[in-house]
Amino acid sequence: MTIAQEVKALLSKLGVNEAAYTGGTMPSFSPVSGEKIADIAVHSADDTAKAIEKAAGAFREWRLVPAPKRGELVRLFGEELRALKSELGRLVSIEAGKIPSEGLGEVQEMIDICDFAVGLSRQLYGLTIATERPGHRMMETWHPLGVVGVISAFNFPVAVWSWNTALALVCGNAVVWKPSEKTPLTALACQAIFDRAAARFGDVPAGLAQVLMGDRTVGEALVDHPKVALVSATGSTRMGREVGPRLAKRFARSILELGGNNAGIVCPSADLDMALRAIAFGAMGTAGQRCTTLRRLFVHESVYDTLVPRLKKAYESVTVGSPLETAALVGPLIDKAAFDNMQNALAAARDHGGKVTGGARVDTGHDKAYYVRPALVEMPKQDGPVTEETFAPILYVMKYSNFDKAIADHNAVGAGLSSSIFTLNLQEAERFLSPDGSDCGIANVNIGTSGAEIGGAFGGEKETGGGRESGSDAWKAYMRRATNTVNYSSALPLAQGVSFDIE
Ligand code: UN1
């Protein structure tokens, strides 16, 4: 069976209508072989505006459904995902090139956020606040916000949408999704799975969750539409620089999850066996195409000559190949542009004195598929390409002698997503997590930078955009807060001791 045939079989099992992916004008390719697997029917700016109007209508009804009942829809969606986990996971592998356990892991992340959101649907708590006025009560209530736009990237084609959608729905919102042009099929599959859950639920207002296919025209229409109250956008910092100001201009809310240039510090006391495994997964896993991928490593001079040769060996022996046909740990890059960016970064690293292990293209017999050996680059210092995110498996390794300087270098890049320290020394670990430690949204001790659980808030600082999605209290961004003060007395005392007595 060819990949295109398998895609067709999977999409039919997942319930996707053939008209959505045959005969359209947007071609879609599998990075596994480089072959075309679909021609997607696209939406125009006009279609987008219509979809948003429909979503706004759905929102007006949905916001009045009690939150625990809204949770029931998400519970059913989670059930459908459980039933179709292997099919959707496989489609993620075909479309994004992930190895099987990561394709399935991504769907598991969706199931997990559904469970989280179902619980949350009974926990949208507000505070009661002490008031200075007698006979008064002050409280906060959380209300649904409106239409939520989701713009997602190719590298987590389904999980990131589900983080946003599961929360947005229990919070009483409608969702309009623009997936990456590189991964439209998994998006169509998610919509079909959602539609099954909606059919089982019964009276879901039409247009509550919609997916729109197309290029930036669709994204722009979503960002600029006055009825979209919040846009959650995942992608490059460059994309965020366009989206953020446009949303700010109309005072819309944004959740930005942008680039990462994540680093780890390996200290003298580190458990090196553990560090080695964590670094290998963090830097080479998902072919370096997670926003949480480990990209920079600071290794103390006392352990450098023990750890780095072992790491290089791991780089030389890691298996690279088709995630569909082999047990390889590293699959393909998404496309030629990703490959070219990687090669350019490696050339720049060499110009800055970097010693490169790996990085060459791997021939798999598919001339339009881009497999590479992950690259480890020993750098004399942090400059040139090291300070920029290249969305490819390149790990820059640098030696350090002074812990303060290592932390300063760690923080001396634009992005601030994820970070980790490997140490058994309590002072170093706590310092890394302290106000003058890592400046990232995620800071870990003795685990890698990637592979976060959904229970924590996910996102980062500085050029990563500041948004938080997924667990903890990230739900608050999807609701509007009202402060309510109720006077149940028969007097009208004013706050701050102000008097204003009229006759
Ligand atoms: C992303 O790459 O955009 O922490 C999300 C992780 C995953 C999510 C990554 N749970 O690596």
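Just so we're clear, the structure is a prediction, and the values are computed from it rather than from any experiment.

> Explain the UniProt feature "active site" (unreviewed entry) in the chain here, please?
In the numbering used here, UniProt assigns the feature "active site" (unreviewed entry) to Glu257. Checked against the element boundaries, Glu257 lands in strand S9 (residues 253–257). The residues contacting Glu257, other than those within four sequence positions of it, are Trp163, Ala233, Thr234, Gly235, Cys291, Leu417, Phe458, Gly459, Thr464 and Glu469.

> Explain the packing of aromatic side chains here, please?
Two numbers describe a pair of aromatic rings. These are the distance of the centres and the angle of the planes. Under the definition given, this model contains 8 aromatic pairs. A centroid spacing of 5.8 Å and a plane angle of 80° characterise the contact between Phe77 and Trp161, whose relative ring orientation is edge-to-face. Taken together, the residues span a long stretch of sequence, with Phe77 in helix H3 (residues 67–83) and Trp161 in helix H6 (residues 159–170) at a distance of 84 residues. Exposure remark for Phe77: the relative accessible area of 5% places this residue in the buried category. A residue is classified by how much of its surface remains accessible, and Trp161, at 1% relative accessible area, is buried. Summarising the aromatic geometry, the rings of Phe77 and Phe194 are spaced 5.8 Å apart at their centres and angled 70° between planes, so their arrangement reads as edge-to-face. Linking Phe77 in helix H3 with Phe194 in helix H7 (residues 184–201), this pair joins segments that are 117 residues apart in sequence. Across this residue pair, the class does not change: Phe77 and Phe194 are buried. We note Lys98 situated over the ring of Phe156; from NZ or CZ to the ring centre the distance is 3.4 Å.

> Where do I start with the pairing of strand S4 (residues 136–144) in this structure?
In regular strands, side chains alternate between the two faces of the sheet. Here strand S3 (residues 128–129) runs beside S4; their pairing, made up of 2 bridges, is antiparallel. When the bridges of S4 are listed, Ile129 appears paired with Met138. The antiparallel hairpin formed by S3 and S4 contains 6 residues in its connecting segment, where Gly135 sits at a positive phi of about 65°. Two elements, S4 and strand S23 (residues 479–487), share 9 bridges in a ladder whose sense is antiparallel. By the bridge assignment, Glu140 is partnered in S23 with Thr483.

> Whenever I open this one, the side chain of His300 confuses me. Can you help?
Relative to the helices and strands, His300 resides in strand S11 (residues 294–300). Residue classification places His300 among the buried residues on the basis of a relative accessible area of 13%. In terms of polar contacts, His300 uses its side chain to reach the side chain of Ser302, at 2.7 Å. Not counting residues within four places of it along the chain, the set of residues in contact with His300 comprises Val266, Cys267, Pro268, Tyr400 and Ser401.

> Explain the nonpolar core here, please?
Within soluble globular proteins, side chains that are nonpolar generally end up buried alongside one another. Grouped together as the largest cluster of nonpolar side chains are 159 residues, with contacts concentrated most on Leu73, Met110, Leu185, Ile265, Val266 and Ile279. When residues in this core are grouped by element, the largest group, 11 residues, is from H7. For this core, the two domains that each supply at least three residues are domain 1 (3–258 + 465–482) and domain 2 (262–453).

> What is the right way to read the environment of Pro68 from this model?
Assignment of secondary structure puts Pro68 in helix H3. In this structure the C-alpha to C-alpha distance between Pro68 and Asn262, which are 194 residues apart in sequence, comes to 38 Å. Setting aside residues no more than four positions away along its own chain, Pro68 makes contact with Ser121 and Arg122.

> Help me understand the packing of H3 against H7, please; the structure alone is not making it clear to me.
Two measures define how a pair of helices packs: the angle their axes make with one another and the distance between the axes. Where H3 contacts H7, the two axes come as close as 8 Å, and the packing angle between them is 130°. Between H3 and H7, the angle falls in the class oblique. Considering only the axes of H3 and H7, their crossing is right-handed. For the pair formed by H3 and H7, the contact residues are Lys69, Glu72, Leu73, Leu76, Phe77, Glu79, Glu80 and Leu81 on the first element and Cys190, Ile193, Phe194, Arg196, Ala197, Ala198, Arg200 and Phe201 on the second. Here the contact of H3 with H7 is composed, by residue class, of 10 nonpolar, no polar and 6 charged.

> Quick question: what am I supposed to make of helix H13 (residues 403–411) here?
Residues lying three or four places apart along an α-helix face the same way, a consequence of the helix completing one turn every 3.6 residues. If you check which residues of H13 are buried, you get Phe403, Ala406, Ile407, Asp409, His410 and Asn411. Where H13 is buried, its residues meet strand S10 (262–266), S11, strand S16 (394–400), strand S18 (418–422), helix H14 (426–433) and strand S21 (461–462). Backbone nitrogen of Asp404 and a side-chain oxygen of the N-cap are separated by 2.9 Å at the start of H13; the cap is Asn402.

> In this structure, what is going on with the site of the ligand? I would like to understand it.
Surveying the vicinity of the ligand reveals the residues Glu109, Asn155, Phe156, Trp163, Glu257, Arg290, Cys291, Thr292, Ser450, Gly451, Ala452 and Phe458. Glu109 places a side-chain nitrogen or oxygen 2.9 Å from a nitrogen atom of the ligand. Ala452 places a polar main-chain atom, nitrogen or oxygen, 2.7 Å from an oxygen atom of the ligand. Protein burial of the ligand: of its 320 Å² of free accessible surface, 99% is covered by the chains. Across the shell around the ligand, the residue classes tally to 5 nonpolar, 4 polar and 3 charged. Counting contributing residues, the shell around the ligand receives three or more from each of domain 1 (3–258 + 465–482) and domain 2 (262–453).

> I would appreciate a short explanation of helix H5 (residues 100–120) in the present structure.
Between the first and last C-alpha of H5 there are 30 Å, a value that for 21 residues agrees with the 30 Å anticipated at 1.5 Å per step. Within H5 the residues assigned to the buried category are Glu102, Gly103, Glu106, Val107, Glu109, Met110, Ile111, Ile113, Cys114, Ala117 and Leu120. Along its buried surface, H5 packs onto H3, helix H4 (85–96), H6, H7, helix H10 (272–284) and strand S22 (469–470).

Reading the values: the criteria
- Residues numbered from 1 in each chain as written.
- Predicted model: local features only at pLDDT ≥ 70, side-chain atom pairs only at ≥ 80, totals over all residues.
- Heavy atoms only, no water.
- UniProt positions renumbered as here; feature names shortened; annotations may be inferred.
- Helix = DSSP H or I, 4+ residues; strand = E, 2+ residues; numbered from the N terminus.
- Contact = heavy atoms within 4.5 Å.
- Phe/Tyr/Trp six-rings, centres within 6.5 Å; stacked < 30°, edge-to-face > 60°.
- Buried < 20%, exposed > 50% of the residue type's maximum accessible area, 1.4 Å probe, protein only.
- Lys NZ or Arg CZ within 6 Å of the ring centre and 35° of its normal.
- Pairing = 2+ DSSP bridges.
- Polar contact = N/O pair within 3.5 Å; in protein donor to acceptor, adjacent residues only side chain to side chain.
- Core = buried A, V, L, I, M, F, W, Y, C linked by side-chain atoms within 4.5 Å.
- Domains from an automatic or database assignment.
- Axes fitted to C-alpha atoms, helices over the stretch in contact; angles between N-to-C directions.
- Parallel < 35°, antiparallel > 145°, perpendicular 65-115°, else oblique.
- Left-handed = near helix turned anticlockwise from the far one by under 90°.
- Nonpolar A, V, L, I, M, F, W, Y, C, P; charged D, E, K, R; others polar.
- Near = heavy atom within 4 Å.
- Areas by Shrake-Rupley, 256 points an atom, 1.4 Å probe, with all protein chains shown as cover.
- Expected span 1.5 Å × (residues − 1).

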